[in-house]
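So you can see what is in the structure, the chains are spelled out below.
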Amino acid sequence: MNAVATTVPTNNGPTMAPRRSISKHRTRRSSVLFRVFCYTVLLAAAGFFLLPLVWMLLAAVKTQPEVLAIPIRWLPSRWHWSNFGHALFDERFAGETFARFLLNSMIVATVTALACVLLSIMVGYGFAKFRFRGREGLLWVLLGSTLLPFSSVVIPLFIIVQRLGQLDSLGGLTLPFLVTGQAIFLSRQFIRGIPDDYLEAARIDGASETWVFLHIVLPLSGSAISTVAVISFLASWNQFLWPLVISSSQSNFTAPLGLSLLGVGSSFQTDYQIWMASATLAMIPPLVFFLILERPYLRGLEMMSGVK
Amino acid sequence: MKQRELRTCLVFISPAIIFFVVFWALPVLMAGYYSFTDWQVGRSAPWVGVANFTELFGDPLFRTAIKASLTIAVLAVIGGVGIALSLALILAHPDIRAARWWRLAIFIPVVTDWVSTGLVWQMMYLRDRGVIAQILAKLGFTSLVRTEWTTDPTLAPIAIAIFIIWKSTGLYTLFFLAALKAVPKDVLEASTVDGAGAWQRFRYVRWPLMKPITTFIIVIAFVTALGLYEPIFMLTGGGPAGKTRALPIFLLENFFQFERSGYASAAGLIFLGMSLTFAFVASRVMKEAVS
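For clarity, every value in this text was computed on a predicted model and none was experimentally measured. Residue positions are counted from 1 within each chain, in the order its sequence is given. As they are written, the chains are lettered A onward and the ligands numbered 1 onward, keeping that order. It should be noted that, the model being predicted, local features are given only for residues of pLDDT at least 70 and side-chain atom pairs only at 80 or more, the latter also being counted only at that level, while totals for whole chains, interfaces and linings use all residues. Remark: hydrogens and water are excluded; side-chain values derive from all non-hydrogen atoms of the structure.

**Some details on the overall build of chain B**
What chain B contains, in helices and strands, is 12 helices and 0 strands. Start at the N end of chain B and walk to the C end: the helices and strands fall as α-α-α-α-α-α-α-α-α-α-α-α. Each of the three principal axes of chain B carries a C-alpha extent, and together these read 75 × 70 × 35 Å. Only protein chains enter the accessibility calculation, which uses a 1.4 Å probe; a residue whose area is less than 20% of its type maximum is buried, one above 50% is exposed, and one in between is partly exposed. Put simply, chain B has 291 residues, and 56% of those count as buried. What counts as a helix is a DSSP run of H or I of at least four residues, what counts as a strand is a run of E of at least two, and both are numbered from the N terminus.

The following block contains the structure:
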């Protein structure tokens, strides 16, 4: 039997109390000037990161002349919520609506997330709990693939998907991202934490491998599932280059691809407020998904960086 | 027993591995093969040896593309990693309140997509009427209102780098914060008791422990910035005067517009090699610096 868990438990509960009290002492030590400096920097940073989004939200409910008025207007004179309705349902894309693009994005991202979860939990389990020749090497290849610039393989990928007859289809948008090195690596990290004893005990009791997977591995992989789900959903939603390369009919456009038809220099009317309303709508699903699963997502990202 | 174990393992790993081989490994191998051919989509691919590569090295457009990619990537990495490290150091300080909310504010752009935010940044960068121009006007810098952020040859790469920094710094801040939290508190406090100042604490206690994560972040930031197509597509489309005509644009243009698939594949292979070489060298350099 191999050694018990490989991960060191990080539970340092009893030792926390004295450390906290030392930290309290330090509170008095840092000067007011230092704190003013820190908060100024943070405020400037928050302004830089949030201002474009706040401006977008406000522009989405303005009238067209108000959006880029001189001098700048932050608040709309009246809040035109109907802009969102126009953004969604006006047939401004050769008979297609932005609602259709959002639906396409939803389908593609959801299928990607589900497949990614299932496939990567399975393979992650294989990697974490079975020994086979070439395991470490394979893991390195998977990890290395996360460094692959997507644009450098987009051409052969196009040819492969063309051969499979999936150009210009939602299937073609989904296929290459059903499993990623990142998702596999993350699942493996999580599943390594499941004690081997659980699996062995079930096997000794005569449980089949399928039973072990369905009744022990899956239920204990909760955090791996939510992490992989949110990471692959967001990655899929943010895809732009791939849909741009393979989609030609507008009924197969995703939300970002549809949005790219708008913008400065496009032949569309300069309905800035509609652009901003559409951009806002395209940001909502990933943002909601992120806020619901913030903790597992951030934990997963930290895990990728190898800190934990 | 052994046999059974092997079979189970195969059942679990093969579906994902098959997908991975078809959609990730195979494209890399194909790019490698096509690089040595004068292939055009729909025709056979005659072997031409290293002709594509020799042509690439003499191609002024390819050199412009490499230069543009490197300029944008270097600007984005220095800016992004620098800002992320500073913010993480502030947020990791025990006296800072609501660190979670500050972190969330910094992180939100990471979960948005390039095209929606690109549309917003187009409006930010507009001359005269743009958000940045108007804020500058309010602050009294009226001479800067007419700045052509995305069409001036010097400013365009900077404008793109700022957009990339805006979109990705949150992620790197998160990584740095996780690493800073992993520095044992008692070590830090012992050094404080011994009279180490803030800078010394950073230089001699935290920094050595954070080198691996810093390498990781620099590699990720650099490779990502090198391969980004979206911010350029949204803001400049490769202009002005090729200053932002980066590698991904060069590649797609050769494939789709000029229908020179073999040539584009060769460029892709060099691109791939650059990314992996950088990752390898960076990790080696940092490893040596640590030991």
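**Remarks on the interface of chain B and chain A**
Contact with chain B, which involves 96 residues of that partner, is made by 102 residues of chain A. Carbon and sulfur atoms make up 79% of the surface buried where chain B meets chain A, a total of about 9,200 Å² over both sides. Residue E294 of chain A pairs with R103 of chain B through a salt bridge whose shortest N-O separation is 3.9 Å. Within 3.5 Å is the distance limit for a polar contact, defined as a pair of N or O atoms, with the added protein rule that one can donate a hydrogen and the other accept it, and that residues adjacent in sequence qualify only through two side-chain atoms. Our count for the chain B to chain A interface comes out at 9 residue pairs in polar contact (both at pLDDT 80 or more). In this count, Pro and Cys sit with the nonpolar residues alongside Ala, Val, Leu, Ile, Met, Phe, Trp and Tyr, while Asp, Glu, Lys and Arg are called charged and the others, Gly among them, polar. Residue classes in the side of chain B that touches chain A are distributed as 68 nonpolar, 13 polar and 15 charged. Note on definitions: a residue-residue contact is assigned when non-hydrogen atoms from the two residues lie within 4.5 Å. When two components associate, each loses some accessible surface as probed by a 1.4 Å sphere; the sum of these losses over both components is called the buried area. A pairing counts as a salt bridge when a side-chain nitrogen of Lys or Arg comes within 4 Å of a carboxyl oxygen of Asp or Glu.

**What about empty space enclosed by the protein?**
Residues and elements named next belong to chain A. Within this scheme a cavity is a closed region of a 1 Å grid, computed over the protein atoms alone, that accommodates a 1.4 Å probe without allowing it to escape, whereas a pocket is open but has protein on both sides within 12 Å along at least five of seven lines; lining residues each have an atom within 4 Å of a point. Grid points are joined across faces, edges and corners, and a volume is the space filled by probe spheres set on the points. Going through the model one piece at a time under the given rule, you end up with 2 cavities of 30 Å³ or more. Lining of the largest cavity is provided by S105, V108, L173, F177, S236, W237, Q239, W242, P243, T254 and P256. The residue inventory of the lining of the largest cavity, partitioned by class, reads 7 nonpolar, 4 polar and no charged.

**Focus on the side chain of S221 of chain A**
Along the polypeptide, S221 of chain A turns up in the loop between α11 (209–220) and α12 (222–238). For S221 of chain A, a relative accessible area of 2% corresponds to the buried category.

**Details of the pattern of salt bridges**
It is possible for side chains bearing opposite charge to pair when their charged atoms get close. Per the stated rule, a full pass over the model turns up 15 salt bridges over all chains. In this structure, the salt-bridge partner of D271 of chain A is R92 of chain A, at a minimum N-O distance of 3.5 Å. Of this pair, D271 of chain A sits in the loop between α14 (255–259) and α15 (272–292) while R92 of chain A sits in the loop between α4 (82–89) and α5 (98–129), and the two are 179 residues apart along the sequence. Like R92 of chain A, D271 of chain A is buried. Note that E209 of chain A is salt-bridged to R203 of chain A, the shortest N-O span being 2.8 Å. Given the relative accessible area of 16%, R203 of chain A is considered buried. Three or more residues joined by partner-sharing salt bridges are found here, namely R127, D128, R146 and E148 of chain B.

**As for the environment of A202 of chain A**
Residues and elements named next belong to chain A. Note on placement: A202 falls in helix α10 (residues 196–204). When its relative accessible area of 9% is taken as the criterion, A202 is described as buried. Setting aside chain neighbours within four positions, we find A202 in contact with A207, W211, V212 and I216.

**Observations concerning the packing of α15 of chain A against helix α16 (residues 294–304) of chain A**
Residues and elements named next belong to chain A. Put simply, α15 and α16 touch, their axes get as near as 5 Å, and they point 85° apart. Here α15 lies roughly perpendicular to α16, going by the angle between them. In this structure, α15 uses F290, L291 and I292 to contact α16, whose residues at the interface are E294, Y297 and L298. Within the contact of α15 with α16, the residues separate by chemical class into 5 nonpolar, no polar and 1 charged. Axes, fitted as lines to C-alpha atoms, cover a helix only where it is in contact. Angles between the N-to-C directions of the axes lie from 0 to 180 degrees. Working definition: roughly parallel below 35 degrees, roughly antiparallel above 145 degrees, roughly perpendicular at 65 to 115 degrees, and oblique for all remaining angles.

**Overview of unusual backbone geometry**
All names here are of chain A. Here the phi dihedral of A94 falls at roughly 45°; this positive angle occurs in a residue that is not glycine. The residue A94 is located in the loop between α4 and α5 in this model. The exposure class of A94 is exposed, given its relative accessible area of 71%.

**Examining the packing of helix α9 (residues 181–191) of chain A against α16 of chain A**
Residue and element names in this part refer to chain A. Contact pair α9 / α16: the axes reach a minimum separation of 10 Å and the direction vectors enclose 95°. Judged by the angle between their axes, α9 and α16 are roughly perpendicular. From α9, Q182, F185, L186, Q189 and F190 reach across to α16, where they touch R299, G300, M303 and M304.

**With respect to the side chain of R206 of chain B**
Residues and elements named next belong to chain B. Relative to the helices and strands, R206 resides in helix α9 (residues 198–227). Just so you know, the count uses Lys and Arg for positive and Asp and Glu for negative, and it drops His and the chain ends. No salt bridge is formed by the buried R206. Its closest oppositely charged neighbour is E189, at 9.2 Å. Apart from the residues within four sequence positions on either side, R206 is in contact with L89, A92, L180, V183, L188 and R201.

**Observations regarding the packing of aromatic side chains**
In this scheme Phe, Tyr and Trp rings, the latter by its six-membered ring, pair at centre separations within 6.5 Å, and the angle between planes marks the pair as stacked below 30 degrees, edge-to-face above 60, and tilted otherwise. Scanning all chains against the criterion turns up 46 aromatic pairs over all chains. Here F158 of chain A and F255 of chain B contribute two aromatic rings whose centre-to-centre distance is 5.7 Å and whose plane-to-plane angle is 80°, an arrangement assigned as edge-to-face. Taken as a pair, F158 of chain A in helix α7 (residues 150–163) and F255 of chain B in helix α11 (residues 247–257) lie in two separate chains rather than in one. Here F158 of chain A matches F255 of chain B in class, with each residue buried. Ring centres of W114 of chain B and F163 of chain B lie 5.2 Å apart, and the angle between their planes is 85°; on these two criteria the pair is classed as edge-to-face. Of this pair, W114 of chain B sits in helix α5 (residues 114–125) while F163 of chain B sits in helix α7 (residues 155–182), and the two are 49 residues apart along the sequence.

**Some words on helix α3 (residues 60–91) of chain B**
Here α3 of chain B contains 32 residues, and its C-alpha end-to-end distance of 46 Å stays within 8% of the 46 Å for a straight helix at 1.5 Å per residue. A distance of 2.8 Å separates the backbone nitrogen of L61 of chain B from a side-chain oxygen at the start of α3 of chain B, and that oxygen is part of D59 of chain B. An expected span of 1.5 Å times one less than the residue number is assigned to each helix.

**Regarding a nonpolar patch on the surface**
Residues and elements named next belong to chain A. Each patch is built from residues lacking any salt bridge and having more than 30% relative accessible area; the joining distance is 9 Å for like charges and 5 Å for nonpolar side chains (Val, Leu, Ile, Met, Phe, Trp, Tyr). For every accessible area listed, the method is Shrake-Rupley and the probe measures 1.4 Å; residues are considered covered only by the protein chains on display. Together, L75, W79 and W81 give the surface a local cluster of nonpolar side chains, amounting to about 390 Å² of exposed area. Relative to the assigned elements, L75 resides in the loop between α3 (64–67) and α4. Exposure remark for L75: the relative accessible area of 54% places this residue in the exposed category.

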